[in-house]
Each structure stands twice: as C-alpha cells, then as structure tokens.
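Each chain, written out:
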Amino acid sequence: MIETIDLTKKYGDFFALESLHLKLEKGDLFGFIGPNGAGKTTTIRILSTLLAPTWGEAYVCGHSIYTHPREIRRAIGYMPDIFGVYDDMRVIEYLEFFAAAYRIYGKERRRVAEQSLELVDLTVKRDELVTSLSRGMTQRLGLARVLLHDPQVLLLDEPASGLDPRARIEMRNLLRRLQGLGKTILVSSHILPELADICNRVGIIEYGRLLACGNVQDLLAQVRGRPVIRLRVVGPQEPAAKILEDTPEAAGVSVRDGEILVALADGVQDHSPLAARLIAAGHQLLSMGESEVNLETAFLELTKGTLGRQPSPETGSAS
Ligand SMILES: Nc1ncnc2c1ncn2[C@@H]1O[C@H](COP(=O)(O)OP(=O)(O)OP(=O)(O)O)[C@@H](O)[C@H]1O
Ligand SMILES: [Mg+2]
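The notes below deal with the structure included here. None of the values given here were measured: they were computed from a predicted structure.

1. Topic: the overall build of the chain
Now for step 1: Across its full length, the chain carries twelve helices and 14 strands.
Now for step 2: The burial tally for the chain puts 39% of its 319 residues in the buried class.

Structure representation (structure tokens):
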C-alpha cells in the first residue's frame, strides 16, 4: 500500500531524509519511531504529496507521488502534527465543512460526519464548539476529519503527542479499531513503548536514516543477548561517556537521567574493562550494573542515540 525507494530529501547539504526504503502491506499498523528532527514529518509530508523529495520514488496505493498526486490525496487521510480548528464552529459543522471540501454533499454529508464522530467516540460533543474541546478530543476530531472520505491509508503524524496517559490509551484503542476496519496506517511517535504493543511493525529512524525495521519482537530479539550496562560516576557523566565510546567493548553509549548506558559490543559478556578504563582515566565509579533489556533500552541501543552525534562527514558533504 505504501512503498518508498531511495526516498531522499535534502535542504542544502543537509539530509532531512536519506535513502528511505519502506514497504507497508495492506492492513499494516506501522509505527514510525524517531526522536525530534529524525525525518518523520518529512516522510509523511512527502507521502501526502505536500512536499517534493529531492530524489527517490514513493508509491501510495500503487500511485506514484510524481504522476498521480490527486489519486493519492483521495486515497489517504493525512493528520498533520499540528492542525488548527476554526472558532465559532460546532463539532458537527466542522466535520460537515470538511466533508464538503471532499465533495460530499446532501444527506450523505451529514451521514458521514455523524459516522466519523461515532467512530472516534465524540458523538456526545456533537453540538459543542470545537474550541471547547480538550486536547485529546481535538486530536480525535482531527482523526474524524481525515476519516470522512473513507480513505484506505491513514498517515498520522504524532496523533498522541500532548495527550495525557488516559487519552493516549484511547488513541491507541482508536488506532486498533481503524486497523480492524482494514485501513493501512502509518503512525509516528517519538516514544517506542507507546506504539510497540499495538503496531504489527515498526521502523526506527534517526538523522533521516532508517536504523531498524521489522516486527517488534524481531527488533527486540536483535538487542536481546546484548546486555546494556548502566553506570554512574562522580561528577558530570558526559566526559566518562566519551571515554567509554572509544572502548572496543562498547557498541553504543548514551547518557540519560544522570546515568550512562552502554550497549556491549557483539560477543562481549564481561563488562569489567569498562570500569577499568574509567578508573584508569581518573573517574570515580559510583555504581555499575547490568540492565534489563526493555523497550526503552532497546530503543537506545537500536538508535545508539549518543552524545549529540552528528550525521557522519560523508553524509554532510555529499551532494
Ligand atoms: N523547510 C526546512 N528547511 C530546512 N530544514 C528543514 C525544513 N524542514 C525540516 N527540516 C529539517 O529536517 C529534519 C527532519 O525534520 P522533520 O520535521 O521531518 O523531523 P521529525 O522527525 O518530524 O521531528 P519531530 O519529532 O520534532 O516532529 C530536521 O532536522 C529539520 O530541522
Ligand atoms: Mg514531526
């Protein structure tokens, strides 16, 4: 339903998106995960035909973004990360307004508006002003809006951002329900655990590059058996983390919440050389231990989200 081939977007010499290869089958609920600036919105906007790539190809429902953008727009529901609602409009009027924009007229217009409201559980707010809705409800209204023309593909850019835990759960349930209706859904988030258990597949992107892609269990299996060590030194953690980055035993190093996380390199079981290095460099070790592989550490390990790592030189200068 969605396929991208070598999809690339450059701003000057900067790669916002670099050679993305993605393939989503019909019915997939695909979690597109990455930190701020990773390239998620860029990808979604290209798929929505709102942004032209620098090179590469993308197909949505078999249509190329270059030759058949109109067909793609008809086939997708795109929910941007930030969208405005109009003052002085009631919820039902808001949806009817957009239904008209999709050229749905007459009785059918009211019917699809009511149906979309029902689908997102907002019928009780039908006659309220859109500006009176809470953030979570506004997000659901945004979703109702992109469902009006019954699209096959949904492109949802961080629909759960800014929601409280309960509203997040509702959003997840809603995504499941939409998947149950046979929609193909690409949903972005910067939090892996948020999507991991509802998506059948996830892709992890950072600095415009897809680092890992597959089903969640397979991704976790990639990092299992590769222990993550947590440690803490006296004083700032960053200088110690820099030293650990250069040790052959470490595959990835990051600092989080005043702690250093080290993913051990392939085949390394004994982590004592890490401590030896730090002590030799004059650091005082406060604590050190092996960490459970959970989704958070798996995410860190997969993205190797290190100390403000920049795109590699060959990426920055190639043009
Ligand atoms: N118009 C632009 N001009 C220059 N750089 C841009 C432009 N739009 C995006 N970028 C850069 O491209 C990169 C990817 O941005 P993008 O918005 O796709 O990230 P994102 O993954 O959606 O991040 P977030 O989680 O913050 O929404 C960022 O470094 C961003 O600064
Ligand atoms: Mg974004």
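2. With respect to the site of ligand 1
Now for step 1: As a matter of local geometry, ligand 1 sits amid Tyr-11, Ala-16, Gly-34, Asn-36, Gly-37, Ala-38, Gly-39, Lys-40, Thr-41, Thr-42, Asp-81 and His-190.
Now for step 2: A total of three residues in the shell around ligand 1 trace back to one element, the largest contributor, which is helix H1 (residues 40-47).
Now for step 3: Within the shell around ligand 1, the residues separate by chemical class into three nonpolar, seven polar and two charged.

3. Overview of the nonpolar core
Now for step 1: The biggest cluster of nonpolar side chains holds 63 residues, and the ones touching the most others in it are Ile-2, Leu-95, Ala-144, Leu-155, Ile-185 and Leu-186.
Now for step 2: When residues no more than four places from it in sequence are discounted, the contact partners of Leu-186 are Ile-2, Leu-24, Phe-30, Phe-32 and Leu-155.
Now for step 3: In terms of nonpolar packing, the next biggest core, distinct from the first, is built from 16 residues, Leu-231, Val-233, Ala-241 and Leu-244 among them.

4. Topic: the sheet that holds strand E7 (residues 153-156)
Now for step 1: The mixed open sheet is built from six strands, whose spatial order is E6-E7-E8-E3-E9-E10. The strands lining the two open edges of the sheet, one partner per strand, are strand E6 (76-79) and strand E10 (209-214). Recorded for the sheet is a direction-independent mean angle of 15° between the axes of neighbouring strands.
Now for step 2: One ladder, built from four bridges, connects E6 with E7; its direction is parallel. The partner of Tyr-78 across the bridge, within E7, is Leu-155.
Now for step 3: This element, helix H5 (residues 135-147), spans E6 and E7 of the sheet and lies at about 155° to E6.

5. Brief notes about the pairing of strand E4 (residues 55-60)
Now for step 1: Note: strand E1 (residues 2-11) against E4, five bridges, orientation antiparallel. Residue pairing in the sheet places Thr-4 in a bridge with Ala-58 of E4.
Now for step 2: As defined by bridge partners, E4 adjoins strand E5 (residues 63-64) across two bridges and the pair is classed as antiparallel. Bridged to Tyr-59 within E5 is Ser-64.
Now for step 3: Between E4 and E5, which pair antiparallel one after the other, the connecting turn spans two residues, and Cys-61 there sits at a positive phi close to 50°.

Parameters and conventions
Residues numbered from 1 in each chain as written. Chains lettered and ligands numbered in written order. Predicted model: local features only at pLDDT ≥ 70, side-chain atom pairs only at ≥ 80, totals over all residues. Helix = DSSP H or I, 4+ residues; strand = E, 2+ residues; numbered from the N terminus. Buried ≥ 20, exposed ≤ 12 C-beta atoms within 10 Å, placed from the backbone. Near = placed C-beta within 6 Å. Nonpolar A, V, L, I, M, F, W, Y, C, P; charged D, E, K, R; others polar. Core = buried A, V, L, I, M, F, W, Y, C linked by C-beta atoms within 7 Å. Contact = placed C-beta atoms within 7 Å. Pairing = 2+ DSSP bridges. Axes fitted to C-alpha atoms, helices over the stretch in contact; angles between N-to-C directions.

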